[in-house]
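# What the coordinates show
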Amino acid sequence: MYRETKVKIQTDKRSRMSLSKNLIDYRKRLNISREILALNCEVDVKYLSRIESCSANASLDTLDKLSDGTGISAGDLLA
C-alpha cells in the first residue's frame, strides 16, 4: 500500500512539473505575460501562477482550457 501511494505521488508531481514547464516555455517562446496567457485560456491569473509553480493541481476542465488557449494538445502539455 505504501509503495502504491508513493508511486502515485511521484506521478502527480511529474505531471504537474511537466505542465508547469510547458506553460512557462510556451509563454517565453511567445514573449507574453502570465496575465495574457490567463486571459487567452480563460483562467484566473493567480490560479495560472499556482499551476506554473506546481502548487496547484489543475483539473481536467482547466487542462482543456489551457489546451484551447495555447493550441497545444492536453497530452502535449503533460508530456
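Attention in this report is confined to the structure presented alongside it. (Residues numbered from 1 in each chain as written. Predicted model: local features only at pLDDT ≥ 70, side-chain atom pairs only at ≥ 80, totals over all residues. Heavy atoms only, no water.)

### Comments concerning the packing of helix 2 (residues 34-41) against helix 3 (residues 45-52)
Pairs of packed helices are described in terms of their axes, by the angle between the two and the distance that separates them. Stated precisely, the cut-off is as follows: Working convention: axes come from line fits to C-alpha atoms, limited for helices to the stretch in contact. Angles between N-to-C directions cover 0 to 180 degrees. Every helix listed is a DSSP run of H or I at least four residues long, and every strand listed is a run of E at least two residues long, numbered separately from the N terminus. Between 65 and 115 degrees an angle is taken as roughly perpendicular, under 35 as roughly parallel, over 145 as roughly antiparallel, and anywhere else as oblique. Residue contacts are defined here by distance: any two heavy atoms, one from each residue, within 4.5 Å place the two residues in contact. Following the grouping adopted for this structure description, the nonpolar residues are Ala, Val, Leu, Ile, Met, Phe, Trp, Tyr, Cys and Pro, the charged ones are Asp, Glu, Lys and Arg, and the polar ones are all others, Gly among them.
Close contact between helix 2 and helix 3 brings their axes to 9 Å; oriented N to C, the two are set at 110°. Comparing the axis directions of helix 2 and helix 3 gives the class roughly perpendicular. Between helix 2, through Arg 34, Glu 35, Leu 37 and Ala 38, and helix 3, the contact on the second element is made entirely by Val 45, Leu 48, Ser 49 and Glu 52. Residues of the contact of helix 2 with helix 3, tallied by class, amount to four nonpolar, one polar and three charged.

### Thoughts on the side chain of Ser 20
Under the convention used in this document: Here a polar contact is recorded for every N or O atom pair within 3.5 Å, except that within protein the pair must consist of a potential hydrogen donor and a potential acceptor, and residues adjacent in sequence are included only if both atoms are side-chain atoms.
Summarising the element assignment, Ser 20 is placed in helix 1 (residues 2-30). In this structure the side chain of Ser 20 is engaged in a polar contact, spanning 2.3 Å, whose partner is the backbone oxygen of Glu 52. When sequence neighbours within four positions are dropped, the list of residues in contact with Ser 20 reads Ile 51, Glu 52, Ser 53 and Cys 54.

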